[in-house]
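Descriptive structure summary
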Amino acid sequence: MTEHAYSPEERAAIYRAIAERRDMRHFSGGEVAPELLARLLEAAHQAPSVGLMQPWRFIRITRPELREAIHGLVERERVKTAEALGERSEEFMRLKVEGIRDCAELLVAALADGREAHVFGRRTLPQMDLASLACAIQNLWLAARAEGLGLGWVSL
Ligand SMILES: Cc1cc2nc3c(=O)[nH]c(=O)nc-3n(C[C@H](O)[C@H](O)[C@H](O)COP(=O)(O)O)c2cc1C
């Protein structure tokens, strides 16, 4: 153990958040306080990124019709995925793979336009921008767990 290590309690909390982070698809409603949401987004923004390009953009969806449209997109993808699974399609259709209509906050994690200009660290592996975005989402996810909030990642 080095002098830079956290205290035993702090270390335990970090490992606990990592171990207890789960993908959530059921939500109990309610609201996320603005200060709490700001803390979560700050955690996301502190993620590492290739060449420090910080390619992530988090878009907060507030219009019900947009939320509904996003749900529709995911539903269409769910059906296409089931079709692609062939004999396992029915089994897949029984799975819950999103909670878009029920979650208190819906955030879209996107990659910024014009990022082709950033070649530092991603000339050979351009997909490192996506890897950086994933790091930001993971930070958000762990912070949400520590705050007692469930978070689900929907990529469908
Ligand atoms: C990149 C990525 C995409 C994911 N996409 C979906 C998704 O579209 N729908 C879903 O229900 N879960 C999705 N998940 C959650 C995984 O299914 C989940 O993390 C995995 O089953 C392990 O469960 P746990 O996160 O509770 O440990 C995604 C997770 C990751 C990392």
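Described in the following lines is the structure provided in the data block.

About the cut-offs
- Residues numbered from 1 in each chain as written.
- Predicted model: local features only at pLDDT ≥ 70, side-chain atom pairs only at ≥ 80, totals over all residues.
- Heavy atoms only, no water.
- 1 Å grid on protein atoms, 1.4 Å probe; cavity = no way out; pocket = protein on both sides within 12 Å on 5 of 7 lines; lining within 4 Å.
- Points joined across faces, edges and corners; volume = space filled by probe spheres on them.
- Helix = DSSP H or I, 4+ residues; strand = E, 2+ residues; numbered from the N terminus.
- Nonpolar A, V, L, I, M, F, W, Y, C, P; charged D, E, K, R; others polar.
- Buried < 20%, exposed > 50% of the residue type's maximum accessible area, 1.4 Å probe, protein only.
- Contact = heavy atoms within 4.5 Å.
- Salt bridge = Lys/Arg side-chain N within 4 Å of Asp/Glu carboxyl O.
- Near = heavy atom within 4 Å.
- Polar contact = N/O pair within 3.5 Å; in protein donor to acceptor, adjacent residues only side chain to side chain.
- Areas by Shrake-Rupley, 256 points an atom, 1.4 Å probe, with all protein chains shown as cover.
- Phe/Tyr/Trp six-rings, centres within 6.5 Å; stacked < 30°, edge-to-face > 60°.
- Lys NZ or Arg CZ within 6 Å of the ring centre and 35° of its normal.

1. Section: the layout of surface pockets
Taken as a whole, the largest pocket holds about 870 Å³ of empty space. Forming the walls of the largest pocket are 35 residues, and the residues nearest its centre are E105, L106, L107, L151 and G152. Elements that contribute at least two residues to the lining of the largest pocket include exactly α2 (34-45), α3 (64-84), β2 (106-111) and α5 (128-146). A per-element tally of the lining of the largest pocket places α5 first, with 6 residues. Across the lining of the largest pocket, the residue classes tally to 27 nonpolar, 6 polar and 2 charged. Space inside the second largest pocket adds up to approximately 260 Å³. What lines the second largest pocket is simply A13, I14, R16, A17, I18, E20, N139, L142, A143, R145 and A146. Only α1 (8-20) and α5 provide two or more residues apiece to the lining of the second largest pocket. Element by element, the count of residues in the lining of the second largest pocket is highest for α1, at 6 residues. Residues that form the lining of the second largest pocket fall into these classes: 7 nonpolar, 1 polar and 3 charged.

2. Observations regarding the environment of A43
With respect to the helices and strands, A43 occurs in helix α2. On the accessibility criterion, A43 (16% relative accessible area) is buried. Sequence spacing of A43 and E83 is 40 residues, and the spatial spacing of their C-alpha atoms is 38 Å. When residues no more than four places from it in sequence are discounted, the contact partners of A43 are N139 and A143.

3. Here's the deal with the pattern of salt bridges
Applying the stated criterion to the full structure yields 12 salt bridges. A salt bridge links K80 to E77, with the shortest nitrogen-to-oxygen separation between them at 3.9 Å. Here K80 and its partner E77 are both found in helix α3, 3 residues apart, which amounts to about one turn of the helix. For E77, a relative accessible area of 32% corresponds to the partly exposed category. For the salt bridge of R88 with E91, the shortest nitrogen-to-oxygen distance reads 3.7 Å. With a relative accessible area of 44%, E91 lands in the partly exposed category. By sharing partners, the salt bridges in this structure join R16, E20 and R145 into a single network.

4. Quick look at the site of the ligand
Near the ligand you find R21, R22, D23, R25, V97, W153, V154, S155 and L156, and these make up its full shell. Here an oxygen atom of the ligand sits 3.0 Å away from a polar atom, N or O, in the side chain of R25. At 3.3 Å, a backbone N or O of W153 approaches a nitrogen atom of the ligand. For the ligand, the protein covers 60% of the area, taking 620 Å² as the surface of the free molecule.

5. Things to note about the packing of aromatic side chains
Evaluation of the coordinates by the stated rule reveals 1 aromatic pair. If you follow R21 out to its NZ or CZ, it ends over the ring of W141, 4.3 Å from the centre.

Geometric descriptors of this kind do not, in isolation, establish any biological role.
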